[in-house]
Amino acid sequence: MVRDNGIRLLKVNGVNLPVRSYRFDDHGVPLHVFYCYWDARSSYENSKAAEEEDWSAWGRVRTALRGRREMGAQMLELVVWDYADEAEARAALQQQLAKIIQSG
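What you see is a predicted model, and the numbers here were worked out from it, not measured in a lab. (Residues numbered from 1 in each chain as written. Predicted model: local features only at pLDDT ≥ 70, side-chain atom pairs only at ≥ 80, totals over all residues. Heavy atoms only, no water.)

Enquirer: For helix α3 (residues 86–100), give the residues involved together with the corresponding values.
Expert: The first and last C-alpha atoms of α3 sit 21 Å apart over 15 residues, in line with the 21 Å expected at 1.5 Å per residue. The complete set of buried residues in α3 reads Glu86, Ala89, Arg90, Ala92, Leu93 and Leu97. Along the axis of α3, the buried positions cluster into a sector of 160°, meaning they face one direction only. α3 presents Ala87, Gln95 and Lys99 as exposed residues on the side facing more than 90 degrees away from its buried surface. Buried positions along α3 lie against β1 (3–12), β2 (15–26), β3 (29–38) and β4 (74–81). You can read the cap of α3 off the contacts: a side-chain oxygen lies 3.0 Å from the backbone nitrogen of Ala87, and it is on Asp85. (Helix = DSSP H or I, 4+ residues; strand = E, 2+ residues; numbered from the N terminus. Expected span 1.5 Å × (residues − 1). Buried < 20%, exposed > 50% of the residue type's maximum accessible area, 1.4 Å probe, protein only. Arc of directions from axis to C-beta. Contact = heavy atoms within 4.5 Å. Polar contact = N/O pair within 3.5 Å; in protein donor to acceptor, adjacent residues only side chain to side chain.)

Have a look at this one:
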């Protein structure tokens, strides 16, 4: 892993998706990994609210121990390669997500 780019909200077909991105180097080939944990109750208005969510395995266990169930939770992880620039990789991601994400 070269760097953790943090979380940014991607608005796709009216849905705010908190997407964390990472950049890896695979023998000189840049790999961009995008990870989104989203539950149907979440409506992130900004990246700060999404950053405060603990998506780690231990964070999920703590949530369960508090009795909060994540009904309808979904995870998505996509890898985009051959884009040197993160902005280009994110644009390719957003274009593909627009084809599969539907609101409502």
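Enquirer: An account of the layout of surface pockets is needed here, citing residue identities and associated values.
Expert: Leftover empty space is mapped by rolling, across the atoms, a probe with the size of a water molecule. By volume, the largest pocket is sized at about 230 Å³. Along its surface, the largest pocket is lined by Val15, Leu17, Cys36, Trp38, Gln74, Met75, Leu76, Ile101 and Gln102. Elements that contribute at least two residues to the lining of the largest pocket include exactly β2, β3 and β4. No other element matches β4, which puts three residues into the lining of the largest pocket. Of the residues that constitute the lining of the largest pocket, the class distribution is seven nonpolar, two polar and no charged. (1 Å grid on protein atoms, 1.4 Å probe; cavity = no way out; pocket = protein on both sides within 12 Å on 5 of 7 lines; lining within 4 Å. Points joined across faces, edges and corners; volume = space filled by probe spheres on them. Nonpolar A, V, L, I, M, F, W, Y, C, P; charged D, E, K, R; others polar.)

Enquirer: I'd like to hear about the side chain of Ser21, residue by residue, with values.
Expert: In this structure, Ser21 sits in strand β2. Here Ser21 falls in the buried class, since its relative accessible area comes to 2%. Discounting chain neighbours no more than four positions away, the residues touching Ser21 are Asp4, Asn5, Gly6, Val33, Phe34, Glu86 and Arg90.

Enquirer: Residue-level account of the side chain of Arg20, with values.
Expert: As for its placement among the helices and strands, Arg20 is situated in strand β2. According to the relative accessible area criterion, Arg20 is buried, its value standing at 16%. At a separation of 3.2 Å, a polar atom in the side chain of Arg20 contacts the side chain of Asp4.

Enquirer: So what's going on with the pattern of salt bridges? Residues and values would help.
Expert: Scanning the entire structure with this criterion turns up three salt bridges. Linking Arg20 and Asp4 is a salt bridge whose minimum nitrogen-to-oxygen distance equals 3.2 Å. Of the two residues, Arg20 sits in strand β2 while Asp4 sits in strand β1, which places them 16 residues apart along the sequence. The salt bridge involving Arg90 is made with Glu86; its shortest N-O contact spans 2.8 Å. You can see Arg90 and its partner Glu86 sitting in helix α3, four residues apart, about one turn around the helix. For Glu86, a relative accessible area of 13% puts it in the buried group. Bridged by salt links that share partners, the residues Arg8, Glu86 and Arg90 form one connected network. (Salt bridge = Lys/Arg side-chain N within 4 Å of Asp/Glu carboxyl O.)

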